Amino acid sequence: MITGVTGQDGSYLAELLLEKGYEVIGVVRRTSHDSYERIGHLLDRVHIVAADLLDQHSLTTVIRDAKPDEVYNLAAQSFVPTSWNQPVLTGEFTALGVTRLLEAIRLAHPQARFYQASSSEMFGKAVETPQRESTPFYPRSPYGVAKVYGHWITVNYRESYGMYAVSGILFNHESPRRGLEFVTRKVSDAVARIKLGKTNELRLGNIDSGRDWGFAGDYVDAMWRMLQQPEPKDYVVGTGTMHSVRDLCAAAFTHAGLDWQKYVKTDPRFVRPAEVDTLLADASRARKELGWAPKVSFERLVRMMVDADLERLA
């Protein structure tokens, strides 16, 4: 069972599990329009059920009826800037939603193995670099704070009730399926638009902030591996290399034969109230114990995203 199945990670995870012969149940919120574009090619193979992280009863019912072997909680209000505009809603989905789902599993099917999508944003104003499983959290946004709650409530249910519940502390992972509001996709989309003559500039916030960027398709494999271990444990997942937003712009524009400095403008409207400057993963435990390693390099990821946006917009 996957919550957030219509998102970037949910779509890649559904593909992976179907390849492995799983029966996949995708949990979606009931809305006035269907946003199935990322999983359109999978709809005849995925069972779609309606439930909501804000509604305890719907979650308990779904878990009781499906009795899943594995539950992946990928649903959240996951866009950091929005978390300042909607901090309470972000807490309801991204923090308390985890508790509701864990409680549903505890009540209706405690044998299920549970994966919680934790985030490198929990490290925020990082007290050490690189960040590993033992690095203290110092979140710098309502989203980061909510993710810390979700992380610790997962640990709490594991230790209190003996549930198989783990968190993957995933660093930034991107793809052509990334939402247009995220900086990597904002850049690749703008590059394609500029190349095709549809616009002539790209406005960004802090272009010096550094991130550890990987490919989402690689990272869902780490999620699956975490639920196959004999003992439940939390893992940091990342590439171990860091690039700035400036590097991202240079790589993306260069791939399209453009000079990024001619088109990129910094705009204070896009600067966060509290900045996160440096996120870099030490994923040595995941490499050693899960046998996981990223396959797609930063450069290849950027080229993949620019090419996909050029094709889409052309």
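Note: the structure precedes this text.
Notes on the structure in this doc start here. (Residues numbered from 1 in each chain as written. Predicted model: local features only at pLDDT ≥ 70, side-chain atom pairs only at ≥ 80, totals over all residues. Heavy atoms only, no water.)

## Points about helix α7 (residues 216–226)
Argument step 1. The buried fraction of α7 amounts to nine of the 11 residues, a majority that puts the element mostly inside the structure.
Argument step 2. By the burial criterion, the buried members of α7 are Ala216, Asp218, Tyr219, Val220, Asp221, Ala222, Met223, Trp224 and Met226. (Buried < 20%, exposed > 50% of the residue type's maximum accessible area, 1.4 Å probe, protein only. Helix = DSSP H or I, 4+ residues; strand = E, 2+ residues; numbered from the N terminus.)

## Some words on the packing of aromatic side chains
Argument step 1. Under the defined criterion, the tally for this structure stands at nine aromatic pairs.
Argument step 2. Pairing Phe123 with Phe137 gives two aromatic rings, centres 5.4 Å apart and planes at 45 degrees, and the pair type is tilted. In this pair, Phe123 sits in the loop between β5 (113–119) and α5 (142–161) while Phe137 sits in the loop between β5 and α5, placing the two residues 14 residues apart along the sequence.
Argument step 3. Using a relative accessible area of 0% as the deciding quantity, one classes Phe123 as buried. (Phe/Tyr/Trp six-rings, centres within 6.5 Å; stacked < 30°, edge-to-face > 60°.)

## Considering the sheet that holds strand β6 (residues 165–170)
Argument step 1. On the basis of which strands lie adjacent, the open sheet formed by seven strands has the order β3-β2-β1-β4-β5-β6-β11 and parallel pairing. Taken across any chain shown, the strands that pair with only one partner, and hence form the sheet edges, are β3 (46–50) and β11 (235–237).
Argument step 2. As defined by bridge partners, strand β1 (residues 2–3) adjoins strand β4 (residues 70–73) across two bridges and the pair is classed as parallel. Directly across from Ile2, in β4, lies its bridge partner Tyr72.
Argument step 3. The strands that helix α4 (residues 87–108) touches are β1, β4, β5 and β6; relative to β5, the one it contacts most, it runs at about 170 degrees. (Pairing = 2+ DSSP bridges. Contact = heavy atoms within 4.5 Å. Axes fitted to C-alpha atoms, helices over the stretch in contact; angles between N-to-C directions.)

## Digging into the side chain of Thr135
Argument step 1. Here Thr135 shows up in the loop between β5 and α5.
Argument step 2. Assessed through its relative accessible area of 2%, Thr135 is described here as buried.
Argument step 3. Side-chain polar atoms of Thr135 contact the side chain of Glu128, separated by 2.5 Å.
Argument step 4. In this structure the side chain of Thr135 is engaged in a polar contact, spanning 2.8 Å, whose partner is the backbone nitrogen of Arg132.
Argument step 5. Apart from the residues within four sequence positions on either side, Thr135 is in contact with Phe123, Val127, Glu128 and Pro130. (Polar contact = N/O pair within 3.5 Å; in protein donor to acceptor, adjacent residues only side chain to side chain.)

## Structural notes on unusual backbone geometry
Argument step 1. Cis geometry marks the peptide bond from Thr129 to Pro130; its omega dihedral reads 0 degrees.
Argument step 2. Looking at the secondary structure, you find Pro130 in the loop between β5 and α5.
Argument step 3. Positioned with a positive phi, Lys67 is a non-glycine residue whose angle comes to about 45 degrees.
Argument step 4. With respect to the helices and strands, Lys67 occurs in the loop between α2 (56–66) and β4.
Argument step 5. According to the relative accessible area criterion, Lys67 is partly exposed, its value standing at 45%.

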